[in-house]
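Fold and contact review
Residue strings, one per chain:
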Amino acid sequence: MAPTLSQLIPSNSPESGVMRQHEASPQVSAANKQYGQTTETRFEHMNATEIEQSDARRIAERGADRDDLLLNRGLLFQHLANQRSICEALRPVAGLRSGRNAAVLDVGCGDGASLLHLMELGFSAQIMHGIDLRPSAIERGRRRLPACTLIVADACNIPYPDATFDLVIESTMFVQVAETTTRASIAREMARVTKAGGFLLIVDWRYGGRGYQAVTRRCLRSLYPGCDIVRSVGGALIPPVGRAISTWCPSLYFLIHRWCPPLIGLKANLLCKSFG
């Protein structure tokens, strides 16, 4: 029997993951202008407040240092494994970094942690966009990454035209979406705004449990029927195991990662959208 993911890692944890060359779409410009009371009120009805309260409760229950790389030794090698998986998965799209008209979107971007990692890999901040349902997360992200375009928006209704982006990413979002119809709606929107021949990077947990939904290869094929899985690279080990190894025997972490594939909990999957 496959193990379950008993300790889900929040999307802004190190353990998880604006095109200035172009005019922003009218929908995006309107969304940015409305940011503040009007936008927040709109998304309160879509459970943005509940999401933020849930995040606060999780931090209170698990401790503020749970996701602190300097204070929590159990997190370090989990973080390194995830960074490695994303780097390996993105190798086929390395050319986008020098593309004059390239564009990247992070769906469920939080405070911009995944976008920051892309910048470390050589992607320009000016080509990167992010959307998130939580106004407070977007505000933090704007302060953190002022050169990126981050807006409050619903992943089920992404405010960009069809075929806008060369690369669309998500990190540990789908595993937290329990409703099948919502998952499908988000996936359709992500595929819609991706250019034909463009790519989607899905970084998520392949084991579920405690109300969380596993993101398996079969699931990805169902969510993205018009896409091919180009690469699938293992990231962090399932949290209880990975954190224990990172704390007590870190030198064995990547040996266990190599020789015990069932213990790998997170996968970085690169999909290519077909031209059809």
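For the structure itself, consult the block above.
Computed from a predicted structure; not experimentally measured.

Focus on the nonpolar core
Of all hydrophobic cores here, the largest spans 67 residues; its most connected members are Met 190, Leu 201 and Tyr 224. Ranked by residues supplied to this core, first place goes to strand β5 (residues 194–205) with six residues. Those residues in contact with Leu 201 that sit more than four places away from it in its chain are Ile 86, Ala 89, Leu 90, Leu 167, Val 168, Ile 169, Glu 170, Ala 268, Asn 269 and Leu 270.

Quick notes on the sheet that holds β5
What holds strands together in a sheet is hydrogen bonding between their backbones, with the strands either parallel or antiparallel. A sheet is described by the order of its strands in space; here seven strands give the open sequence β3-β2-β1-β4-β5-β7-β6, paired in mixed fashion. In the strand order of this sheet, the two ends are held by β3 (149–152) and β6 (227–234), each with one partner. Between one strand and the next, the sheet's axes are offset by a mean angle of 15°, whatever the strand orientation. Where β5 meets strand β7 (residues 266–273), seven bridges bridge the pair, whose relative direction is antiparallel. Pairing of Trp 205 across the sheet is with Leu 266, part of β7. Its contacts with the sheet place helix α6 (residues 135–144) against β2 (128–132) and β3, and it is angled at close to 165° to β3. Seen against the sheet, helix α7 (residues 180–192) touches β1 (104–107), β4 (165–171), β5 and β7 and runs at an angle of roughly 140° to β5.

Parameters at a glance
- Residues numbered from 1 in each chain as written.
- Predicted model: local features only at pLDDT ≥ 70, side-chain atom pairs only at ≥ 80, totals over all residues.
- Heavy atoms only, no water.
- Core = buried A, V, L, I, M, F, W, Y, C linked by side-chain atoms within 4.5 Å.
- Buried < 20%, exposed > 50% of the residue type's maximum accessible area, 1.4 Å probe, protein only.
- Helix = DSSP H or I, 4+ residues; strand = E, 2+ residues; numbered from the N terminus.
- Contact = heavy atoms within 4.5 Å.
- Pairing = 2+ DSSP bridges.
- Axes fitted to C-alpha atoms, helices over the stretch in contact; angles between N-to-C directions.

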